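This is what each chain is made of:
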Amino acid sequence: MKYKKKLSKINFSRLIRISDTPHSIALGFSIGVFASFNPMIGVHIIIALFLSWVLRANYFSAILGTFIGNPLTYPLIWIVSLYIGSIFVPVKDFNLSNLGETSFYSLEFLLNVRPFIPSFLIGGLLVGLATAFLSYFCVKKLIIFYRKKKRMKKGNFNDRIS
């Protein structure tokens, strides 16, 4: 628990110290959060970097945003994404008994979970957009707050935020 707290403090302190505008940093972070809701593990950073390049956001904060998706949060992300996605694209033709008989690393497993893919992608897109939207405003406000607090400590009372 102590290490988890220290790790989150390190990542957030790195996010605050990035020398870029609060908009660019918050946009990059929210792009990373959006990319972490993609069900295809392994391409989150690539997606985040590409979208950051297209939208001219901060690359480093986008990579930090992808760390929202980790082995502790993936089960929750997947359950919520699948639930929301199944509202729009109902899952049909799924037999749970076939899933237990196959290996996770086999082609047969992929064929058995095929009915979930459309609802999983739609749910990940919708939930990812919602969390990215929320994370943009939260991170931008936090960066502005901490930079203003830092300037107050230095004695510079100029209200201009850079």
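Here the residue index of a chain counts from 1 through its sequence in written order. Under the rules for a predicted model, residues below a pLDDT of 70 receive no local features and side-chain atom pairs below 80 are neither given nor counted, while totals for whole chains, interfaces and linings still include all residues. Remark: hydrogens and water are excluded; side-chain values derive from all non-hydrogen atoms of the structure.

Some words on helix α4 (residues 59-66)
Logical step 1: Each residue is assigned to one of three classes by its accessible area relative to the maximum for its type, calculated with a 1.4 Å probe on protein chains only: buried under 20%, partly exposed between the two thresholds, exposed over 50%. Elements are defined by DSSP. Helices are runs of H or I of four residues or more, strands are runs of E of two residues or more, and each kind is numbered from the N terminus. Within α4, the full set of buried residues consists of Ser 61, Ala 62, Leu 64, Gly 65 and Thr 66.
Logical step 2: Polar contacts here mean pairs of N or O atoms no more than 3.5 Å apart (in protein, one a potential hydrogen donor and the other a potential acceptor; neighbouring residues in sequence count only if both atoms are side-chain atoms). N-cap assignment for α4: the residue whose side-chain oxygen lies 3.0 Å from the backbone N of Phe 60 is Asn 58.

What about the confidence of the model for the protein chain?
Logical step 1: On average, the protein chain scores 82 in pLDDT, and the residues at 70 or more come to 78%.
Logical step 2: A score between 0 and 100, pLDDT records how confident the predictor is in each residue. Averaged over each element, pLDDT in the protein chain is lowest for helix α1 (residues 2-17) (58) and highest for helix α3 (residues 44-55) (95).

Brief notes about the environment of Ala 26
Logical step 1: Residue placement: Ala 26 occurs in helix α2 (residues 22-36).
Logical step 2: Contact criterion: two residues are considered in contact whenever any of their non-hydrogen atoms come within 4.5 Å of each other. Filtering out sequence-adjacent residues up to four positions away, Ala 26 remains in contact with Tyr 136, Val 139 and Lys 140.

Brief notes about the nonpolar core
Logical step 1: Among the nonpolar cores identified, the biggest contains 19 residues, and Leu 27, Phe 29, Ile 31, Phe 37, Ala 48 and Val 139 are the most heavily contacted of them.
Logical step 2: Secondary-structure elements contributing two or more residues to this core are α2, α4, α5 (74-88) and α8 (117-154).
Logical step 3: Among the elements that make up this core, the one with the highest residue count is α2 (7 residues).
Logical step 4: With residues near it in sequence (within four places) discarded, Ile 31 still touches Ala 48, Leu 51, Ser 52, Leu 55 and Ala 57. The term nonpolar core refers to a set of buried residues drawn from Ala, Val, Leu, Ile, Met, Phe, Trp, Tyr and Cys, joined through side-chain atoms within 4.5 Å.

Description of the packing of α5 against α8
Logical step 1: Fitting a line to C-alpha atoms yields each axis, with helices limited to the stretch in contact; the angle taken between N-to-C directions then spans 0 to 180 degrees. Here α5 crosses α8 at 110°, and the two axes come no closer than 7 Å. Put simply, α5 runs roughly perpendicular to α8. Listed contacts from α8 to Trp 78, Val 80, Ser 81, Leu 82, Ile 84, Gly 85, Ser 86 and Phe 88 of α5 are Ser 119, Phe 120, Ile 122, Gly 123, Gly 124, Leu 126 and Val 127.
Logical step 2: Charged means Asp, Glu, Lys or Arg here, nonpolar means Ala, Val, Leu, Ile, Met, Phe, Trp, Tyr, Cys or Pro, and polar covers whatever is left, Gly included. Its residues assigned to classes, the contact of α5 with α8 shows 9 nonpolar, 6 polar and no charged. The labels follow the angle: roughly parallel below 35 degrees, roughly antiparallel above 145, roughly perpendicular from 65 to 115, and oblique for the rest.

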